[in-house]
2 protein chains.
Amino acid sequence: MNAKPRGRQFFNNPGPTNIPDRVLRAMDRPVIDFLSEEFVAIQHACHAGVKRVMKTDQTLYMYTATGHGAWEAAICNLFSPGEKILMIESGYFSESWSQMGKNLGLEVETLAADWRKGLDVGKLAERLAQDKGHEIKAVLAVHNETATGMFLPMPEIRRALDETRHPALLLSDTISSLVSLEYKMDAWGIDITVGGSQKGLMLPTGMSMTGVSAKALDVARKSKMPRHYFNWNLMNGRQPQGFVGTAPVHMFFGLQESLKMIEEEGLDAVIDRHSRLAEATRAAVRAWGADGKGPQLYCQSPDRLSNSVTTVMMPEGVSSDPMRKIAIDRFNLSLGGGLGPLAGKVFRIGHLGDLNEPMLLGCLATTELAMKAAGVPFASGGVDAAVASLAA
Amino acid sequence: MNAKPRGRQFFNNPGPTNIPDRVLRAMDRPVIDFLSEEFVAIQHACHAGVKRVMKTDQTLYMYTATGHGAWEAAICNLFSPGEKILMIESGYFSESWSQMGKNLGLEVETLAADWRKGLDVGKLAERLAQDKGHEIKAVLAVHNETATGMFLPMPEIRRALDETRHPALLLSDTISSLVSLEYKMDAWGIDITVGGSQKGLMLPTGMSMTGVSAKALDVARKSKMPRHYFNWNLMNGRQPQGFVGTAPVHMFFGLQESLKMIEEEGLDAVIDRHSRLAEATRAAVRAWGADGKGPQLYCQSPDRLSNSVTTVMMPEGVSSDPMRKIAIDRFNLSLGGGLGPLAGKVFRIGHLGDLNEPMLLGCLATTELAMKAAGVPFASGGVDAAVASLAA
């Protein structure tokens, strides 16, 4: 770091995200017994609240783990070694889940898709129709791909399963969409919803969860995957659930407060706010690249642009790393980098969780400042476009 | 709860344990990027600090998980399905690890031991000597059994392996002994040290770790256990280690502060303090049961009494539950209950982590008060004996 940074850090990574002071203060208290009546009451309230934001009346399990742990929980409770799952390619995270499936002993077929354009749902329907023997046990989709800034139309994916009368389970990663993008687990017929604490739920990293449909619970009864830490059967002994080990008491203190904040604002209002801030971000990026020489939106499907993260593609031959380094070192603005094959080729602006207009505008204007300092070519007018978008 | 509790809660569970205000304050700060230079520097400092308290110069992995997750990490990285491990019976937690081993596909042989007297090391040596074909791939021991209040003499267990020239790995659960009881991973020839955040490290629940010997790392290369979330190979890409998923930034903020506190007091002084407070607790319990009718120490091996938790056996036919309920509801004192077959038959006084004389004496005196209120027979003089012990 060049100099001691001053002022509050502007944190625009797509995860972890800003933790509201109210949540930090709620966690700043002595521990209590995780078997006490007091804690169990908090646990019940949090379970109900998470089910409300997932829009499910079915089963919920929480884990002392990151979102990757919740994915592993889904896989190891549902399947048996050698079974086939179909992963919809979307980017870095769909590749991670494919790797996880393989590492845990599954046969993983990838439904290829361009990272900038996303899934052709027709191809999914075609593949499912071919699978007369129903060898595909589940379709896995990243609802919001944090690496590319694109979301997938889950209701259309559900329709492809319904229209081909395919019984496969539908698993959805909402780690970067829960409480940020519209999501309706039960109404959309999703069997597994994977969520994490450190994004729209505005908590520190360390807790994750899965919504589980009745159908998925039924399938889980036949699973032969070796499992213990993430084994649902071991969590069923207590209400609303037991943990394998000590329950993460402080995460629940925080979750109770963040759910309260979400319900004070109203879930619909939270989703609308994400939509407005995202559109302003995109307006800025479109202005930067209006001359064809500056940065561009990485996602090329206008109806699938993510409301929680915008991935910005750098001009050909210009790395995003020096600009990001200037942003953090000189101006105390943290931006996300490119993941996997996108390292250096893109940067990412996270606009999810505890964020408002001045936080976003400060970020966008400082991104312009950092681009200028780093010599990244861009057209002017980005912040103006964002302000106009927000004023509309 | 009968009435709204007043005053500070006295928290004498054996885990989670008291979190110092300094640690809570250190965690009460905005998040930072887990890939930033700033965070990686904190991670390096914490790795070095944990290795110092484990007394190892070998490899350390940390996990976003509870101690059970760290145990699973050890098992799934070291072994292959069907391999045999030898679990030394000590109580509830040795049974949990046995169950975990079985659930993950291992053959688990239990070396039976009385829960009140503990392992006969001669029997271990005998069993190892019988195993000419070296089918036993590892010996697993709970260094400090949180359920019974007894620790195991790890150097003697090491000697049994050495004297029989048995190549099995030696795995040790220090979840309730790390930074509380004397422990020397490298000097004692331990291959795996499992630790958790919410005990001697004085942090919230949600982080755990394994020290790993060079020998264990070598054995891990041959492991065929399916694994992903806890897979060491996936953590090796970054220094000091990567996480599978986002790193638990706030746990590291807390760990950095707790390690600082431990080093300010001095690790030896911390261990001595645990020894003094434990001895005072035992003096009280011995006084309560001096007439043969009151509560007794559950552990019957005087040289293996735990310095982090004392398990107190109730008089025949008297449940510990009403007394514990009075303690928490009326006096805001949280005591641990009995686990598994010991439910109701014992209670547990945790005296580990951030604890001093008045905290312990308040707990012991209030335990007398709760016993009196619940009609539990006990001889007087417990607190006097504790004071005398501390004054000595």
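Being a predicted model, the structure only gives us computed values, none of them experimental. (Residues numbered from 1 in each chain as written. Chains lettered and ligands numbered in written order. Predicted model: local features only at pLDDT ≥ 70, side-chain atom pairs only at ≥ 80, totals over all residues. Heavy atoms only, no water.)

1. Overview of the overall build of chain A
Okay, so step 1: For chain A, the count of helices and strands is twelve helices and 14 strands.
Okay, so step 2: For 392 residues, the compact-globule formula gives about 21 Å, and the C-alpha radius of gyration of chain A, at 21 Å, lands near that figure.
Okay, so step 3: Looking at chain A residue by residue over its 392 residues, the buried ones come to 63%.
Okay, so step 4: Expressed as a percentage of contacts within chain A between residues at least 6 apart in sequence, the contacts between residues at least 24 apart total 74%.
Okay, so step 5: Carbon together with sulfur atoms contributes 51% to the accessible area of chain A, which is approximately 14000 Å² in total.
Okay, so step 6: Here chain A holds 41 positive side-chain charges and 42 negative ones, and the gap between their average locations is 2 Å. (Helix = DSSP H or I, 4+ residues; strand = E, 2+ residues; numbered from the N terminus. Rg over C-alpha atoms; globule rule 2.2 N^0.38 Å. Buried < 20%, exposed > 50% of the residue type's maximum accessible area, 1.4 Å probe, protein only. Contact = heavy atoms within 4.5 Å. Areas by Shrake-Rupley, 256 points an atom, 1.4 Å probe, with all protein chains shown as cover. Lys, Arg positive; Asp, Glu negative; His and termini not counted. Charge placed at Lys NZ, Arg CZ, Asp CG, Glu CD.)

2. Points about the interface of chain B and chain A
Okay, so step 1: Contact with chain B, which involves 52 residues of that partner, is made by 52 residues of chain A.
Okay, so step 2: Interface area for chain B against chain A, summed over the two sides, is near 4000 Å², with a carbon-plus-sulfur share of 60%.
Okay, so step 3: When the area that chain B buries against chain A is broken down by residue, the three leading residues are Val31(B), His228(B) and Tyr229(B), summing to 15%.
Okay, so step 4: For the pair chain B and chain A, the interface holds four salt bridges.
Okay, so step 5: With a closest N to O distance of 2.8 Å, Asp28(B) and Arg25(A) form a salt bridge.
Okay, so step 6: Here chain B is connected to chain A by 18 residue pairs in polar contact (both at pLDDT 80 or more). (Buried area = accessible area lost by both parts, 1.4 Å probe. Salt bridge = Lys/Arg side-chain N within 4 Å of Asp/Glu carboxyl O. Polar contact = N/O pair within 3.5 Å; in protein donor to acceptor, adjacent residues only side chain to side chain.)

3. Details of the pairing of strand β4 (residues 107–111) of chain A
Residues and elements named next belong to chain A.
Okay, so step 1: Pairing geometry for strand β3 (residues 84–88) and β4, over five bridges, is parallel. Residue Ile85 lies in a different strand from β4, and its bridge partner there is Val108.
Okay, so step 2: What joins β3 to β4 is helix α4 (residues 92–103), and the crossover it makes is right-handed. (Pairing = 2+ DSSP bridges. Right-handed = clockwise from strand over helix to strand, strands pointing away.)

4. Notes on the sheet that holds strand β3 (residues 84–88) of chain B
Residues and elements named next belong to chain B.
Okay, so step 1: Pairing is mixed in the open sheet, where seven strands are placed in the order β2-β10-β9-β8-β5-β3-β4. Single-partner strands in this sheet number two, and they are β2 (59–63) and β4 (107–111). Within the sheet, the average angular offset between the axes of one strand and its neighbour, ignoring direction, is 20°.
Okay, so step 2: Here strand β9 (residues 192–196) runs beside strand β10 (residues 208–212); their pairing, made up of five bridges, is antiparallel. Residue pairing across strands places Val194 opposite Thr210, the latter belonging to β10. (Axes fitted to C-alpha atoms, helices over the stretch in contact; angles between N-to-C directions.)

5. Some remarks on the environment of Ala45(A)
Okay, so step 1: Structurally, Ala45(A) is set in helix α2 (residues 37–54).
Okay, so step 2: A relative accessible area of 38% places Ala45(A) in the partly exposed class.

6. Concerning the relation of the copies chain B and chain A
Okay, so step 1: By a simple turn and slide, chain B fits onto chain A: the slide is 0.0 Å along the axis, the RMSD is 0.0 Å, and the turn is 180°. Overall, the copies show the geometry of a two-fold rotation axis. Across chain B, the smallest distance between a C-alpha and the rotation axis is recorded for Ala65(B), namely 2.5 Å.
Okay, so step 2: When you check the interface residues of chain B against chain A, 100% turn up at the interface there too, and the contact is symmetric in its surfaces. (Least-squares fit on C-alpha atoms with pLDDT ≥ 70 in both.)

7. Details of the pattern of salt bridges
Okay, so step 1: Tallying each qualifying case throughout the model produces 37 salt bridges over all chains.
Okay, so step 2: For Lys184(B), the salt bridge is made with Glu182(B), and the minimal N-O distance between the two is 3.6 Å.
Okay, so step 3: Residue class for Lys184(B) comes out partly exposed when judged on its relative accessible area of 29%.
Okay, so step 4: Glu357(B) is paired through a salt bridge with Arg276(B); the nearest N and O atoms lie 4.0 Å apart. Taken together, the residues Glu357(B) in helix α11 (residues 357–374) and Arg276(B) in helix α9 (residues 267–288) connect sequence positions 81 residues apart.
Okay, so step 5: By relative accessible area, Glu357(B) is classed as partly exposed at 29%.
Okay, so step 6: A network of salt bridges, in which partner residues are shared, links Lys84(A), Glu107(A), Glu109(A) and Arg127(A).

8. Examining α2(A)
All names here are of chain A.
Okay, so step 1: With 18 residues, α2 extends 26 Å between its outermost C-alpha atoms, agreeing within 8% with the 26 Å of an ideal straight helix rising 1.5 Å per residue.
Okay, so step 2: On the buried face of α2, the contacting elements are β2 (59–63), β9 (192–196), β10 (208–212), α8 (249–265) and α9 (267–288).
Okay, so step 3: Downstream of α2 by a residue or two, Lys55 has a phi angle that is positive, lying close to 55°. (Expected span 1.5 Å × (residues − 1).)

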